[in-house]
Amino acid sequence: MDVLPSRATMLLADQVPILDAIDKLRSFGIESGIDVPQLIVIGDQSSGKSSVLEAISGAHFTIDHKLCTKFPIELSLRQSKSNNINVKASLVSSTTIKRNDEENATIKSFERSDSQPNDIPQIISDAEALLGVSHNVERQFSDDILKINISGPGLHPLTIIDLPGLIRGDGLEQRGEAREFVRGLVERYASDSRSIILAVVPASSVDIATQESHTIAKMHDKKQERTLGIITRPDSVLPGPETETIVEVASSGPKLLKRGWHTVRNLSAKERKDISGKKLKYSEISRIRDEKEEVDLNQGSWAKVPTCDKGIVTLREKLSRILFEQVQAKLRDLIKSVRIFKEDRASQLKGIDKPRTTPEEQRAFLVPMAQEYVRLANAAITGSYEDPFFGKPGDTSLQSQSARLRATILEMSRLFNIVLVACGRKMDIYDGMSNGDAYSNVVDKLDEREDIFAPDYVPALAEKSSALFQDISSPILGENELQRYRTHRKPFLVRWKTIGDFMCSQVTSWSGREGPADANPSLAKALFQMQSNAWVPIVEDHSEAVWTAVESFVTAACRTTIPDSVRPGVADHIIGPSLRVLGEKFKSKCKEIVEGFRQVDPTQFVHFESVSETIYDELPGSPDDLLTKNVNNKLNQMRLTSAMKSWHLANACRRDTRDAMAPSIQALAIELYIRQVPSLFSPDTIMKLTTEILAMAAGDSNDDIERRKSLAKDIADLGEAETTLTRLLLARRFHTS
């Protein structure tokens with residue numbers, strides 16, 4: 001289609017630099033903010049609108065010129081790097097016409113690609129058939145949009161829009177509903193400030209001023225800056241007074257219309273019919289059209305019309321000036337938009353960080369983050385909360401509490417001590433008097449008394465609902481953390497009469513080198529281990545809670561110190577593995593401490609004096625009463641005494657080791673390992689990383705590399721466009737000064 005570049009591009013020849021810049025800006029999505037040239041032709045049906053568009057653009061719009069336009073046709077000219085002209089087409093479904101999903105899907109699926117300009121009439125015909133618009137059916141017009149994109153070398157951004165003709169007749173096709181629909185559609189396009197309105201009037205009209213197209217143009221272009229009057233079909237008016245009236249209007253310049261009138265002469269229906277039989281190329285048809293126009297407009301009364309106000313060649317020149325003025329008027333806003341987009345791209349590029357292709361660049365990139373992480377970690381461990389990272393007083397959110405690691409651990413240690421004292425033994429023994437009133441989990445009967453030494457043994461309780469220790473709360477810990485301290489059983493209470501005989505039998509079974517009525521070392525150790533077995537789950541849950549708090553802190557610190565782009569890599573390849581190893585060591589250390597204390601020998605760990613002073617503390621009543629109750633001989637009395645001493649020795653040992661174990665957990669496990677948290681991501685750690693780990697953690701991703709290249713190109717293109725537009729703005733000032 002050789003005519004297309006020669007005609008449409010002539011229209012824009014004076015604007016090449018500025019439109020080249022605009023063409024680059026389209027790829028940035030700035031189009032909606034830029035007044036890209038848009039020509040719309042409005043007029044009555046059969047006024048010659050489509051013929052005017054064909055003459056301007058060089059694109060053939062219809063197969064049969066007897067048929068009118070039924071829906072908006074947006075013809076977009078775009079520049080491309082290809083040496084060939086390519087035509088693509090698609091339909092945009094109406095937002096005002098109600099259709100079902102299947103109908104909308106069918107419209108959306110309409111596409112034409114790799115077509116040629118000569119195929120445009122057939123594309124329009126296919127779209128009309130798909131949309132079902134015709135004067136023979138109920139829906140005669142539609143606001144579905146047929147978008148035709150013509151791309152090729154030498155083409156500059158221009159949108160030419162063919163709209164349905166305004167309806168004036170009274171026939172069935174011209175009924176009021178269709179008339180109002182078309183008028184509303186035309187007004188919608190005319191109100192767009194980007195639109196340059198070509199108000200088409202056939203020369204045969206009696207009174208141009210009463211034309212509806214001019215009424216609409218005046219309504220939406222009050223200053224008449226975007227409206228140009230077009231007179232068509234001058235050959236349809238016979239010489240005489242009527243011709244003189246039309247010629248007077250055509251020659252009036254800005255008197256009647258600010259931008260004046262322009263007369264064009266297109267091929268008549270008969271001339272088209274005669275030519276169509278010769279099967280000429282459209283470029284040849286266009287040449288014949290131009291020759292006939294030049295002859296007719298330069299003879300008779302039409303010769304009086306100034307050359308600048310008639311003919312398609314001068315119309316293109318006139319439109320070129322109007323288009324250029326429209327764009328120039330927006331140069332300041334355009335430059336402002338370009339700068340905003342360029343700054344946005346620069347900000348995005350800055351957010352991607354500098355290239356990191358070598359180990360040195362990767363270390364240099366990570367070290368400042370590591371320094372900040374270490375600073376926050378040390379502050380959290382020592383309880384120095386001056387940094388905004390730790391929140392403000394009154395901030396009770398779990399996120400800010402996660403940052404205050406020392407406060408969280410202190411609170412957990414407090415709860416640990418409470419639970420250890422309350423639940424750190426399996427059972428208590430009493431004689432049925434007042435001490436038992438405080439217990440709800442009382443054991444009335446031990447069917448298999450030997451089972452009390454089994455780690456998981458739980459007897460049948462009088463009231464099972466009170467078996468767990470729940471009397472605990474915290475002002476800073478969440479429910480998940482608190483639950484770790486609420487899952488432990490209170491010691492169950494056994495009456496002495498229920499277990500006394502069993503304890504005496506155990507003294508006999510475990511008798512060794514001890515003297516009569518002395519504490520039995522083996523029984524005391526067995527009882528101690530039975531009682532202290534409750535420590536294991538308490539310490540385990542406490543260690544889990546503490547390390548969960550450590551992990552939450554590390555996550556919060558990483559979120560603050562490490563950018564999103566590399567945080568997953570740093571977490572997966574640097575911090576994560578070391579944190580898991582450190583956590584395993586910490587929990588192992590806690591187990592080691594508790595097992596170490598559980599292995600002590602009560603006879604060697606507890607002084608007898610401390611036991612003898614409290615030997616009867618847990619059993620109310622006088623010693624004499626207890627020693628004579630149910631004792632028929634001296635031997636039973638000594639066995640009972642030995643059982644009581646063994647029990648109290650075991651419990652004295654439990655209390656002493658418990659009181660020593662709790663601070664040991666704090667000092668030898670918690671403090672030891674939380675002070676290694678800063679080293680998880682320290683500058684020293686970064687310097688010791690292998691090149692492989694560095695690359696995986698902080699190396700450039702392919703996405704970053706491509707994104708950086710893309711943004712750099714965008715910034716360069718935007719900068720070039722800004723320079724061009726600024727130069728044109730300065731040139732405009734120079735010429736107007």
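Use the structure listed above.
Residues numbered from 1 in each chain as written. Predicted model: local features only at pLDDT ≥ 70, side-chain atom pairs only at ≥ 80, totals over all residues. Heavy atoms only, no water.

**Structural notes on the overall build of the protein**
A tally of helices and strands in the protein yields 27 helices and 12 strands. The buried share among the 737 residues of the protein stands at 50%. When contacts within the protein are restricted to residue pairs at least 6 apart in sequence, long-range pairs at least 24 apart make up 81% of them. About 35,700 Å² of surface is accessible on the protein, with carbon and sulfur atoms providing 51% of the total. (Helix = DSSP H or I, 4+ residues; strand = E, 2+ residues; numbered from the N terminus. Buried < 20%, exposed > 50% of the residue type's maximum accessible area, 1.4 Å probe, protein only. Contact = heavy atoms within 4.5 Å. Areas by Shrake-Rupley, 256 points an atom, 1.4 Å probe, with all protein chains shown as cover.)

**So, the side chain of Ser-413**
Along the polypeptide, Ser-413 turns up in helix H15 (residues 405-423). Ser-413 gets classed as buried once you look at its relative accessible area, which sits at 11%. Apart from residues lying up to four places away in sequence, Ser-413 is in contact with His-542, Gln-666 and Ile-670.

**Side note on the packing of helix H19 (residues 535-561) against helix H20 (residues 567-598)**
Between H19 and H20, whose axes approach to 10 Å, the crossing angle comes to 160°. When the axes of H19 and H20 are compared, the pair comes out roughly antiparallel. When the axes of H19 and H20 are compared, the crossing they make is right-handed. Contacts between H19 and H20 pair Trp-535, Val-536, Val-539, Ser-543, Glu-544, Val-546, Trp-547, Val-550, Glu-551, Val-554, Cys-558 and Arg-559 from the former with Arg-567, Ile-575, Leu-579, Leu-582, Gly-583, Phe-586, Lys-587, Cys-590, Val-594, Glu-595, Phe-597 and Arg-598 from the latter. Among the residues making up the contact of H19 with H20, the classes are represented as 15 nonpolar, two polar and seven charged. (Axes fitted to C-alpha atoms, helices over the stretch in contact; angles between N-to-C directions. Parallel < 35°, antiparallel > 145°, perpendicular 65-115°, else oblique. Left-handed = near helix turned anticlockwise from the far one by under 90°. Nonpolar A, V, L, I, M, F, W, Y, C, P; charged D, E, K, R; others polar.)

**Examining the pattern of salt bridges**
Taken as a whole, this structure holds 32 salt bridges when the rule is applied. The shortest N-O distance in the salt bridge between Arg-345 and Asp-714 comes to 3.2 Å. Here Asp-714 lies in helix H27 (residues 702-736) and Arg-345 lies in helix H12 (residues 331-352), a separation of 369 residues in the sequence. Given the relative accessible area of 12%, Arg-345 is considered buried. Taking relative accessible area as the criterion, Asp-714 reaches 14% and is therefore assigned buried. Bridged by salt links that share partners, the residues Asp-235, Arg-265, Glu-271 and Asp-296 form one connected network. (Salt bridge = Lys/Arg side-chain N within 4 Å of Asp/Glu carboxyl O.)

**Some remarks on unusual backbone geometry**
A positive phi angle, close to 55°, is found at Gln-224, a residue other than glycine. Along the chain, the position of Gln-224 falls in the loop between helix H7 (212-220) and strand S8 (227-232). When its relative accessible area of 19% is taken as the criterion, Gln-224 is described as buried. For Arg-233, which is not glycine, the phi torsion reads 55° and is therefore positive. Residue classification places Arg-233 among the partly exposed residues on the basis of a relative accessible area of 38%.

**Details of the environment of Gly-229**
Looking at the secondary structure, you find Gly-229 in strand S8. Leave out the neighbours within four places in its chain, and Gly-229 touches Ala-199, His-214, Leu-257, Gly-260, Trp-261 and His-262.

**Considering H12**
Note that an α-helix has 3.6 residues per turn; residues three or four places apart therefore point the same way. Between the first and last C-alpha of H12 there are 32 Å, a value that for 22 residues agrees with the 32 Å anticipated at 1.5 Å per step. Immediately downstream of H12, the backbone of Asp-353 shows phi near 75°, a positive value. (Expected span 1.5 Å × (residues − 1).)

**A word on the pairing of strand S1 (residues 38-43)**
Every other side chain in a regular strand lies on the same face of the sheet, so the side chains alternate between the two faces. In terms of residue burial, S1 counts as a mostly covered element, since six of its six residues are buried. On S1, burial covers both faces: Gln-38, Ile-40 and Ile-42 on one face and Leu-39, Val-41 and Gly-43 on the other are all buried. In the sheet, S1 pairs with strand S7 (residues 195-202) via six bridges, with the strands oriented parallel. Opposite Leu-39, over in S7, you have Ile-196 as the bridge partner. (Pairing = 2+ DSSP bridges.)

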